[in-house]
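Single-letter residue listing:
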Amino acid sequence: MEQYDLRNSLTVQRAKNALAKLDIIDTFGKTVSMEDPIYAFWLKNNYFRR
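Bear in mind that the values here come from a model prediction, so they are computed numbers and not experimental data. (Residues numbered from 1 in each chain as written. Predicted model: local features only at pLDDT ≥ 70, side-chain atom pairs only at ≥ 80, totals over all residues. Heavy atoms only, no water.)

Undergrad: So what's going on with the packing of aromatic side chains? Which residues, and what values?
TA: Think of a pair of aromatic rings as described by two things: how far the centres are apart, and how the planes are tilted against each other in angle. Tallying each qualifying case throughout the model produces one aromatic pair. The interplanar angle of 5° and the centroid separation of 6.2 Å between the aromatic rings of tyrosine 39 and tryptophan 42 together place this pair among those described as stacked. Of this pair, tyrosine 39 and tryptophan 42 both sit in helix H2 (residues 37-47), three residues apart, roughly one helical turn. Judged by its relative accessible area of 34%, tyrosine 39 is partly exposed. Its relative accessible area of 41% is what places tryptophan 42 among the partly exposed residues. (Phe/Tyr/Trp six-rings, centres within 6.5 Å; stacked < 30°, edge-to-face > 60°. Helix = DSSP H or I, 4+ residues; strand = E, 2+ residues; numbered from the N terminus. Buried < 20%, exposed > 50% of the residue type's maximum accessible area, 1.4 Å probe, protein only.)

Undergrad: Tell me about the pattern of salt bridges, and please be specific about residues and values.
TA: This structure, assessed with the given rule, holds one salt bridge. With a shortest N-O distance of 3.4 Å, arginine 7 and aspartate 5 are connected by a salt bridge. Overall, the relative accessible area of 72% leaves arginine 7 in the exposed class. (Salt bridge = Lys/Arg side-chain N within 4 Å of Asp/Glu carboxyl O.)

And the structure:
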């Protein structure tokens, strides 16, 4: 949460649940993975590039 300046854990949990409901992410216990590897690549290289 600190790395991406996320202030509220409830907001993070709601976003995680919404992404899982939309089949964008998959959760297995504490492990979270992206459903679409191309989307994951795009996020990593375009959106989260700092």
